[in-house]
Amino acid sequence: MSDQNYKFEGWLGHDKSAADGNMKWGEFEPKPWEETDVDIKITHCGVCGSDLHTLRSGWGPTKYPCCVGHEIVGTVVRVGSKAEGGLKVGDRVGVGAQSESCLGRKGPCEACSSGRENYCPFHIGTYNSVHINGGKSYGGYARYKRAPSHFVVKIPDSLSSAEAAPMLCGGVTTYTPLKYHGAGPGKTVGVVGLGGLGHFAVLWAKALKADRVVVISRSSAKREDALRLGADDLIAYAEDPDWATKHASTLDIIINTVSASVPLKDLISVLRFDGTLVQVGAPEDPLPSIPLFPLLFKRVKITGSIIGSPNDIREMLQLAADQNIKPWIQEIPMKDANQAVLDLAKGKPRYRYVLVNEPEEESKIKAGL
Ligand code: NAP
Ligand code: ZN
Ligand code: ZN
């Protein structure tokens, strides 16, 4: 345990039923302290689709007990003597989905030495991973987080903690590939799935000045929202079997955020010559097969992308601050984390839930209220 006067407690999943609203509040052992670490008193934590996949062991066996949550914002309460970034007790900071890389010991690898820590072969997740020093990583549905300082970023003053939190995973996961693949003037962007990630993709594509942004959603239920977020159109693909033919060869870049499988054949149909399909959604089932001839005849690229580096996060936060970009969030008390996860499974958030630690909550949770 830490030698400080706070306890590491949070919502723990003990088996797959955690995803059915069965996380239990309890204490956990953070990674053994290193002088490169900081401890953060968590104020906010976004609820990401990956939390749900992990709680139900959807991507393979989860290392239970597991505390999920990797869109963490809070206040620094302890700083190691070798911490990076000039962090001080009292700073308002965030941690996204990655908490360590080879830089902790073995590095730097090619990815880390070029500022792409998210592609490090020793990518250590903020939860459900094991740190290089052997400690398990626990996420942000909790009171405190211990993280290596390299992966802790300061939050610009003009962003609220609740708005900054979901940017740390959902935000950067869509910002980074849009920027890398050149979303901007002269480009048309398609966003498949209007959820947490998808709504960020619309906001960033507009901020990066893409010519046209089209949401590709199952139904037209989110049309008004899509337009208010800044999209130019919404295609309700499950309502029209001919949608891909009607919109053939219209998009330069597609970001597929869907947490289940979507026919890749249709997505390739709506790509222009030389277009790029970026998979960021991480379904539990295998991807559908890829059709050969559109690849040959349109020279399209199919790729994927994983979160973003600490510097990508800093750049995105600054863009949000500079352009006053507001995600659509709903703040939920930390005590209601089980309900938040159930709601996410039903697609209820509009568009990101953010768990909030309120000081008086601790006693309520202990009393089972
Ligand atoms: P989310 O808020 O639940 O959004 C997912 C969206 O996908 C939904 O809003 C819905 O959009 C669509 N969808 C959901 N269930 C579907 C189904 N059964 N069939 C078809 N479409 C469905 O989740 P999220 O937080 O945005 O996360 C989305 C995915 O990205 C998850 O798989 C997550 O693990 C993954 N992820 C990846 C990274 C990365 O680095 N690559 C980072 C974070 C998250 P419509 O209602 O508009 O159809
Ligand atoms: Zn995430
Ligand atoms: Zn590395």
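Since we're looking at a predicted model, the values are computed, not measured.

With respect to the coordination of the zinc ion (ligand 2)
The zinc ion (ligand 2) binds to the protein through Cys48 (SG), His70 (NE2) and Cys169 (SG), with metal-donor distances spanning 1.9 to 2.2 Å. Donor residues for the zinc ion (ligand 2) sit on one chain with the sequence pattern C-x21-H-x98-C. Here Cys169 lies in the loop between α3 (161-164) and α4 (170-180) and Cys48 lies in the loop between β3 (37-46) and α1 (49-55), a separation of 121 residues in the sequence.

Re the site of ligand 1
Lining the immediate surroundings of ligand 1 are 28 residues, of which His53, Leu194, Ser217, Lys222 and Arg352 lie closest. In the model, an oxygen atom of ligand 1 is placed 2.6 Å from a nitrogen or oxygen of the Ser217 side chain. Its free accessible area being 920 Å², ligand 1 has 86% of it covered by the protein chains. Elements that contribute at least two residues to the shell around ligand 1 include exactly α1 and α5 (196-207). With three residues, the single largest contributor to the shell around ligand 1 is α1. Counted by class, the shell around ligand 1 contains 13 nonpolar, twelve polar and three charged residues.

Regarding the nonpolar core
The biggest cluster of nonpolar side chains holds 49 residues, and the ones touching the most others in it are Leu178, Trp204 and Leu317. Every element with two or more residues in this core is listed here: α4, β10 (188-192), α5, β11 (212-217), α6 (223-229), β12 (233-236), β13 (251-256) and α10 (310-323). The contact partners of Leu178, leaving out residues within four places of it in the chain, are Ala183, Val189, Ala201, Trp204, Ala205, Leu208 and Ile255. Counting 39 residues, the second-largest nonpolar core is a separate cluster that includes Leu12, Phe28, Ile42 and Tyr138.

Some points on the sheet that holds β12
Across the sheet, which stays open at both edges, the six strands sit in the order β12-β11-β10-β13-β14-β15 with parallel pairing between neighbours. The sheet is open, and its two borders are formed by β12 and β15 (301-304), each paired with just one other strand. Taking each pair of neighbouring strands and ignoring which way they run, the sheet shows an average axis angle of 20°. In this sheet, strand β14 (residues 271-279) lies alongside β13 in parallel orientation, the contact comprising five bridges. In the strand pairing of β14, Asn256 is matched with Gln279.

Digging into the packing of aromatic side chains
The relation between two aromatic rings is expressed through the spacing of the ring centres and the mutual angle of the planes. Going through the model one piece at a time under the given rule, you end up with eleven aromatic pairs. Note on Trp11 and Trp25: the rings are 5.3 Å apart at their centroids and 75° apart in plane angle, and the pair reads as edge-to-face. In this pair, Trp11 is assigned in strand β1 (residues 9-12) and Trp25 in strand β2 (residues 24-27), connecting sequence segments 14 residues apart. The same class applies to Trp11 and to Trp25, which are both buried. Where Trp328 meets Tyr351, the ring centres are 5.8 Å apart and the plane angle is 45°; that geometry is what we call tilted.

Calculation notes
Residues numbered from 1 in each chain as written. Chains lettered and ligands numbered in written order. Predicted model: local features only at pLDDT ≥ 70, side-chain atom pairs only at ≥ 80, totals over all residues. Heavy atoms only, no water. Donors = N, O, S within 2.8 Å, 3.2 Å for Na, K, Ca; no water. Helix = DSSP H or I, 4+ residues; strand = E, 2+ residues; numbered from the N terminus. Near = heavy atom within 4 Å. Polar contact = N/O pair within 3.5 Å; in protein donor to acceptor, adjacent residues only side chain to side chain. Areas by Shrake-Rupley, 256 points an atom, 1.4 Å probe, with all protein chains shown as cover. Nonpolar A, V, L, I, M, F, W, Y, C, P; charged D, E, K, R; others polar. Core = buried A, V, L, I, M, F, W, Y, C linked by side-chain atoms within 4.5 Å. Buried < 20%, exposed > 50% of the residue type's maximum accessible area, 1.4 Å probe, protein only. Contact = heavy atoms within 4.5 Å. Pairing = 2+ DSSP bridges. Axes fitted to C-alpha atoms, helices over the stretch in contact; angles between N-to-C directions. Phe/Tyr/Trp six-rings, centres within 6.5 Å; stacked < 30°, edge-to-face > 60°.

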